[in-house]
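Each chain, written out:
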Amino acid sequence: MKKFIHDFEVTHNHHITDDYFAIYLKCPVSLPQILPGQFAEVLVSNSTTTYLRRPFSIYDVDYKRNELSLLIKKVGDGTVALSKLKEGDTLNLIYPLGNSFSLPGGKKALLIGGGVGIAPMLLLSKLLHEKGYKPDILVGGRTSNDIVEPEKYKPFGEVFITTDDGSAGEKGMVTQHSLFSGKVKEYSAIYACGPDPMMKAVARVAAEHNIPCEISLENTMACGIGACLCCVVETIDGNKTTCIEGPVFDTRKLKL
Amino acid sequence: MLDLSVNVHKLLLKNPVMSASGTFGYGIEFDDFIDVNRLGGILTKACTSKNRDGNRYPRMAETPAGMLNSVGLQNKGVDYFINTIYPKIKHYDTHIIVNVSDSTVEGYMEVAEKLNQLDKITGIELNISCPNVKEGGMAFGTSCPMAGAVTKAVREVYDKTMIVKLSPNVTNIAEIAKAVEDEGADSVSVINTLLGMAIDAEKRRPILSTITGGLSGPAVKPIALRMVWQVSKAIKIPVIGLGGISNATDAIEFLLAGATAIQVGTANFVDPQVCIKILDGIEEYCNRHGVQDVKELIGALES
Ligand SMILES: Cc1cc2nc3c(=O)[nH]c(=O)nc-3n(C[C@H](O)[C@H](O)[C@H](O)COP(=O)(O)OP(=O)(O)OC[C@H]3O[C@@H](n4cnc5c(N)ncnc54)[C@H](O)[C@@H]3O)c2cc1C
Ligand SMILES: Cc1cc2nc3c(=O)[nH]c(=O)nc-3n(C[C@H](O)[C@H](O)[C@H](O)COP(=O)(O)O)c2cc1C
Ligand code: FES
């Protein structure tokens, strides 16, 4: 897929909670097709602590308005700087980067997002719904504050929630949700994005039930375009770049 | 009419702007963003005699105005380069220079000898300065006898333009430059990355899997500039300057310090179009200063 570099215009910076925000960006030309799981490399500013671009999954795409959005958690200088952008500001993006999720073999699929890892699941749930699949979306977080915009997924599938402290949905980790003791066998694919321990647990459960599983990795990146080889992950076929050959990988191929 | 061309030994570059090894893939990674043919040359990522997996992840740590890397020469080996990569890049209308590395002198010779057969590879750059491999690599570049020995050995099997890339992790870089000049290097490139380290205080752990790694980006520019200046005074062969170059002004500074050409590395990650912007900026500088021939700028530092 061809990659682009453009100055986008901020149309809205939506502060969801103290920690999470969604930034809506208008493309100066007609948006190219963007696949679920793809990401953008964002140029933060010329500050010395944010020299390299920051990678973020593409959260939503609105082709009619020619807009895309990013769902971001504040963790450091770069993300805090982005949270301060105002309507009318510009943001330079290299996009769309990386591969995408593959379609499930049967009707039902389970999409799991941990914290801000939920971001790529919005486009995926939309696509699956459009194509006639029946996605369930399982959102996990430490507390109810980490369950970000769960209502966005409702039009596309059934939404389930877990929190570590039980402040929303079922208490426990995503893999402890009752879905895994009940209807898990109905799923023909599991997709997950979130913290490493969560993805490892999901991969293990998927393997136990013999369900194909794809996860989206968030390896640290320098270039995002396959030029530096900093972002590699070990697979059974050798090192693969997370930015070009990923970020989505079949868990059976990874050395988890 | 402004003349932007420069000569690096037998290579006539259409302009002094090249991409640095390990930061530009094989050029194709940048086709969506720029016309690679406009560059004076491209330096490929390192090529070794055998397949190398490189170091374990994490291989990158961002640092103030720069980054550390410990990629560790990941590549599929010279035979794979010749059979699979070369056919995809030989159409470029620019100099393609392969960065050659290995752990033994025999390894360097094997790669150089094989590359000597490829028409469109007009030169090699001996990487005797990689800080990210256990044996070989930087060890060759930090002592005069070893730097001289590997240069001499490769010279015997390679007859096109041979650039030797120097390590800044030495007490006297001019001495090493002289040693490789004496053994037949046609040019030197200055500098490779500086050995550095990053720590995650929260976790009390090093960030890189290798603990230490190579520092690059704007943070290293003043050191690189100083070394280019020292080396260009010490030797007669052309010096290629690099280290932290991010815009045309940086590039001009390196030319004034004595570089005949420049390479752009880490800045490509921040802006994949930066090489072209630097090229256009050099042209603009020349026009503004009434410079007819970019060669007038080489070593033209006034004091
Ligand atoms: C393909 C991909 C998609 C991503 N999608 C999203 C997304 O949709 N929303 C989102 O909020 N974040 C996402 N991330 C993570 C995001 O890139 C980092 O959080 C961001 O770069 C941090 O920048 P900063 O300057 O705020 O923090 P820094 O100051 O750089 O770092 C602050 C802290 O965050 C940690 N950190 C930095 N980068 C990463 C990373 N890549 N993975 C895990 N921890 C990291 C650091 O170790 C440090 O402890 C994604 C990463 C990748 C590789
Ligand atoms: C990710 C990365 C990989 C690199 N790989 C190589 C390499 O394979 N061979 C080499 O000679 N130099 C390599 N370098 C060093 C650069 O070519 C260059 O010498 C250095 O980064 C300084 O220039 P800069 O500050 O413009 O990046 C690498 C640098 C980076 C950042
Ligand atoms: S981030 Fe550079 S190759 Fe993936």
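The structure presented is a predicted model; accordingly, all values stated were derived computationally and were not measured. (Residues numbered from 1 in each chain as written. Chains lettered and ligands numbered in written order. Predicted model: local features only at pLDDT ≥ 70, side-chain atom pairs only at ≥ 80, totals over all residues. Heavy atoms only, no water.)

Looking only at helices and strands, chain B has eight helices and 16 strands in total. Taking the principal axes of its C-alpha atoms as reference, chain B extends roughly 50 × 50 × 40 Å. Considering chain B as a whole, with its 303 residues, one finds that 62% of them fall into the buried category. Considering only contacts within chain B whose residues lie at least 6 apart along the sequence, 72% involve residues at least 24 apart. (Helix = DSSP H or I, 4+ residues; strand = E, 2+ residues; numbered from the N terminus. Buried < 20%, exposed > 50% of the residue type's maximum accessible area, 1.4 Å probe, protein only. Contact = heavy atoms within 4.5 Å.)

Looking now at the site of ligand 2. Close to ligand 2 lie 20 residues, the nearest being B:S21, B:K165, B:G217, B:G244 and B:T266. At ligand 2, the nearby residues belong to more than one chain, namely chains A and B. One of the side-chain N or O atoms of B:K165 is found 2.7 Å from an oxygen atom in ligand 2. Notes on ligand 2: free accessible area 610 Å², of which the protein chains cover 96%. (Near = heavy atom within 4 Å. Polar contact = N/O pair within 3.5 Å; in protein donor to acceptor, adjacent residues only side chain to side chain. Areas by Shrake-Rupley, 256 points an atom, 1.4 Å probe, with all protein chains shown as cover.)

The next point concerns the site of ligand 1. Residue and element names in this part refer to chain A. Neighbouring ligand 1 are 19 residues, the closest being R54, P55, L71, G78 and T79. The backbone of P55 places a nitrogen or oxygen atom 2.6 Å from an oxygen atom of ligand 1. One of the side-chain nitrogen or oxygen atoms of T79 is found 2.5 Å away from an oxygen atom of ligand 1. Here ligand 1 loses 74% of its free accessible area of 870 Å² to cover by the protein chains. Those elements giving two or more residues to the shell around ligand 1 turn out to be β4 (54-57), β6 (67-73) and α1 (77-83). Looking at the shell around ligand 1, the element that brings in the most residues is β4, giving four residues.

Before going further, it helps to spend a moment on the environment of B:D35. Relative to the helices and strands, B:D35 is located in the loop between β3 (17-19) and β4 (41-43). For B:D35 and B:I124, which are 89 residues apart along the polypeptide, the C-alpha to C-alpha distance reads 22 Å.

By size, the foremost hydrophobic cluster in this structure holds 111 residues, and its most contacted members are B:F81, B:I128, B:L166, B:V190 and B:I282. Broken down by element, this core gets its largest block of residues, eight residues, from helix α8 (residues 274-288) of chain B. Ignoring anything within four residues of it in the chain, the contact list for B:L166 reads B:I128, B:S129, B:I173, B:I176, B:A177, B:V180, B:V188, B:S189, B:V190, B:I191 and B:N192. Counting 26 residues, the second largest nonpolar core, distinct from the first, contains A:A22, A:V148, A:Y153 and A:F156. (Core = buried A, V, L, I, M, F, W, Y, C linked by side-chain atoms within 4.5 Å.)

Here we come to the domain arrangement of chain A. Residue and element names in this part refer to chain A. Segmenting chain A into domains produces domain 1 (4-97) and domain 2 (108-216). Once you take the C-alpha centre of each, domain 1 and domain 2 turn out to be 24 Å apart. Across the contact, 17 residues belong to domain 1 and 17 residues belong to domain 2. Buried surface at the junction of domain 1 and domain 2, both sides included, amounts to about 1500 Å², of which 60% is carbon and sulfur. Three residues, Y20, P36 and Y59, lead the burial of domain 1 against domain 2; their summed loss comes to 42% of the area buried on that side. Between domain 1 and domain 2 we count one salt bridge in total. Summed over the shared surface of domain 1 and domain 2, the result is four residue pairs in polar contact (both at pLDDT 80 or more). Counting only elements with at least two residues in the side of domain 1 that touches domain 2, the list comes to β2 (20-26), β5 (60-62) and β6. Top contributing element to the side of domain 1 that touches domain 2 by residue count: β6, with three residues. Counted by class, the side of domain 1 that touches domain 2 contains eleven nonpolar, four polar and two charged residues. (Domains from an automatic or database assignment. Buried area = accessible area lost by both parts, 1.4 Å probe. Salt bridge = Lys/Arg side-chain N within 4 Å of Asp/Glu carboxyl O. Nonpolar A, V, L, I, M, F, W, Y, C, P; charged D, E, K, R; others polar.)

Taken together, the 29 residues of chain A in the interface contact 33 residues of chain B. One can count two salt bridges joining chain A with chain B. Linking B:E62 and A:R54 is a salt bridge whose minimum nitrogen-to-oxygen distance equals 2.8 Å. The interface formed by chain A and chain B contains eight residue pairs in polar contact (both at pLDDT 80 or more).

Before going further, it helps to examine a nonpolar patch on the surface. A surface patch of nonpolar side chains, amounting to about 300 Å² of accessible area, comprises B:M197, B:I199 and B:I211. Counting through the fold element by element, B:M197 comes out in strand β11 (residues 194-197). (Patch = residues over 30% accessible without salt bridge, like charges linked within 9 Å, V, L, I, M, F, W, Y side chains within 5 Å.)

Trans peptide bonds make up the majority, and among non-glycine residues the majority have a negative phi. All names here are of chain B. For the bond from Y57 to P58, the omega torsion is -5°, close enough to zero to count as cis. One can find P58 in the loop between β4 and β5 (60-63). The omega torsion across V190 and I191 is 20°, close enough to zero to call that bond cis. In this model, R204 sits at a positive phi of 55°, which is unusual for a non-glycine residue. With respect to the element layout, R204 can be found in the loop between β12 (199-200) and β13 (205-206). We classify R204 as exposed; its relative accessible area is 78%.

Residues and elements named next belong to chain A. When the terminal C-alpha atoms of helix α3 (residues 196-208) are compared, their 18 Å separation across 13 residues agrees well with the 18 Å that a helix rising 1.5 Å per residue should span. Among the residues of α3, M198, M199, A201, V202, A203, V205 and A206 are the ones counted as buried. Of the residues one or two after α3, N210 is the one with positive phi, at around 60°. (Expected span 1.5 Å × (residues − 1).)

A few words on helix α2 (residues 119-130) of chain A. Residue and element names in this part refer to chain A. What α2 keeps buried is the set A119, P120, M121, L122, L123, L124, S125 and L128. Here the buried face of α2 lies against β4, β5, β6, β8 (108-114), β9 (134-141) and β12 (189-193). G132 lies just past α2 and shows a positive phi near 90°.

Before going further, it helps to examine the environment of A:T251. Residues and elements named next belong to chain A. Position of T251 among the secondary structure elements: in the segment after β16 (248-250). Relative accessible area serves as the criterion here: at 11%, T251 is assigned to the buried category. In this structure, the C-alpha to C-alpha distance between T251 and K154, residues 97 residues apart in sequence, is 27 Å. If near-sequence neighbours (up to four positions away) are discounted, T251 is found in contact with A203, C213, I215 and L256.

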